[in-house]
Amino acid sequence: MSREIYQEPLVSRYTSREMQELFSEKTKFTTWRRCWVALAEAQFELGLTSIVSEEMLVEMRENVDNIDYDVAAAKEKEIRHDVMAHVHEFGLKCPKAAGIIHLGATSQYVVCNTDLIVQKKAMGLIRGAILQVIKNLSAFCDKHKALPTLGFTHYQPAQPTTVGKRNTLYLQDLIMDLEYVEHFLSTIKARGAKGTVGTQATFLELFKGDHAKVRELDQLVAKKLGFDDTFAVTGQTYTRKLDMKLAETLAGVGATAHKFAVDLRLLSNLKVQEEPFEAKQTGSSAMAYKRNPMRSERLTG
């Protein structure tokens, strides 16, 4: 890590290694290449063997991870187009296939499909994390289901409850979040191969006006990229309605985490329930007796 340039704390402090790798440039650009391979394979399998050869496909598959980022960056600086810069660099690695890389496609073919692949994988990671939290919190609730404690409403002493019962509130919210995440994962689709403005005109030209073949191309590409279906219609991009639903789903997870963390900070002030405090943890730079709820603060942050 460079100490001489700004580092994004939301990345360094709050994200997992797996999520950082998923959103890395390496993942982005190798996935672009996998999109190009999927398109070429589908075109070959659907009969464009006079244009796309098995030899070309082998060459492309063998060089998916073989990227010279400096060459791509230099080309982008020259032509001011990121996708075409990588088409050029991929073509240098695959001279036999250079002419058919990106055949009939638009920039958003690789950009949108890659974004959707990353979203799907990212939500899969989040789903796994939610399941683990549900497992841990469920065990905590069961362990303390009979431990009495004072309940609060309006942050005022109310009636007795139990520690386990109180924490089932957060458990229930997490289960709701899990359902919404799983619903999102069940509805996410590929952009597929729709051409420049979603009309598939370029692919219709390649397949001599065969609409059935072009529809099959769309589905075959999606399957190769790990999707069960494609959006029925797109413009240049897939519908941003999906992005809104993604934001809504993530906001729900954030709201659950925020609710839990704020309650825990209030309860810790009352010495009722606290987050873990490690043996060598420093609670304050000036007051050694303090047990600052740093995990809860990160959650609300």
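Our structure's up above, just so we're on the same page.
Presented here is an overview of the structure given in this document. (Residues numbered from 1 in each chain as written. Predicted model: local features only at pLDDT ≥ 70, side-chain atom pairs only at ≥ 80, totals over all residues. Heavy atoms only, no water.)

1. Describing the packing of aromatic side chains
Thinking step 1. Per the stated rule, a full pass over the model turns up seven aromatic pairs.
Thinking step 2. For the ring pair Phe29 and Tyr69, a centre distance of 6.2 Å and an interplane angle of 50° mean the geometry is tilted. Separated by 40 residues along the polypeptide, Phe29 in helix 3 (residues 25-45) and Tyr69 in helix 5 (residues 69-79) bring together distant segments of the chain.
Thinking step 3. Pairwise contacts between aromatic rings join Phe29, Trp32, Trp36, Tyr69 and Phe90 into one cluster. (Phe/Tyr/Trp six-rings, centres within 6.5 Å; stacked < 30°, edge-to-face > 60°. Helix = DSSP H or I, 4+ residues; strand = E, 2+ residues; numbered from the N terminus.)

2. Things to note about the nonpolar core
One broad rule of soluble globular proteins: the nonpolar side chains tend to lie buried together.
Thinking step 1. By size, the foremost hydrophobic cluster in this structure holds 62 residues, and its most contacted members are Trp36, Met60, Tyr109 and Leu217.
Thinking step 2. Sorting the residues of this core by element identifies helix 3, helix 4 (54-62), helix 6 (82-93), helix 7 (107-143), helix 8 (163-187), helix 9 (201-206), helix 10 (211-224) and helix 11 (241-269) as the ones contributing at least two each.
Thinking step 3. For Leu217, the residues in contact, after removing those within four places along its chain, are Leu39, Ala42, Gln43, Leu46, Ala193, Phe203 and Phe207. (Core = buried A, V, L, I, M, F, W, Y, C linked by side-chain atoms within 4.5 Å. Buried < 20%, exposed > 50% of the residue type's maximum accessible area, 1.4 Å probe, protein only. Contact = heavy atoms within 4.5 Å.)

3. Some thoughts on the pattern of salt bridges
Thinking step 1. If you walk through the whole model with that rule in mind, you get 21 salt bridges.
Thinking step 2. In this structure, Lys75 and Glu78 form a salt bridge, with 3.5 Å as the shortest nitrogen-oxygen distance. Taken together, the residues span about one helical turn, with Lys75 and Glu78 both in helix 5 at a distance of three residues.
Thinking step 3. Among the residues examined, Lys75 registers a relative accessible area of 19% and is labelled buried. (Salt bridge = Lys/Arg side-chain N within 4 Å of Asp/Glu carboxyl O.)

4. Considerations on the side chain of His86
Thinking step 1. When you line up the elements, His86 lands in helix 6.
Thinking step 2. Here His86 falls in the buried class, since its relative accessible area comes to 4%.
Thinking step 3. Every residue in contact with His86, bar those within four places of it in the chain, is listed here: Phe29, Trp32, Trp36, Ile67 and Ala72.

5. Focus on the environment of Val262
Thinking step 1. By secondary structure assignment, the location of Val262 is in helix 11.
Thinking step 2. Judged by relative accessible area, which is 28%, Val262 ranks as partly exposed.
Thinking step 3. Put simply, Val262 and Thr300 are 38 residues apart on the chain and 7.1 Å apart in space, counted from C-alpha to C-alpha.

6. Some words on helix 4
Thinking step 1. Looking only at helix 4, the buried set comprises Met56, Leu57, Glu59 and Met60. Each buried residue of helix 4 sits inside an arc of 160° when the element is viewed along its axis, so together they form one side.
Thinking step 2. Looking at the buried side of helix 4, the elements it contacts are helix 3 and helix 6. (Arc of directions from axis to C-beta.)

Interpretation note: all reported values are geometric properties and have no functional meaning in isolation.
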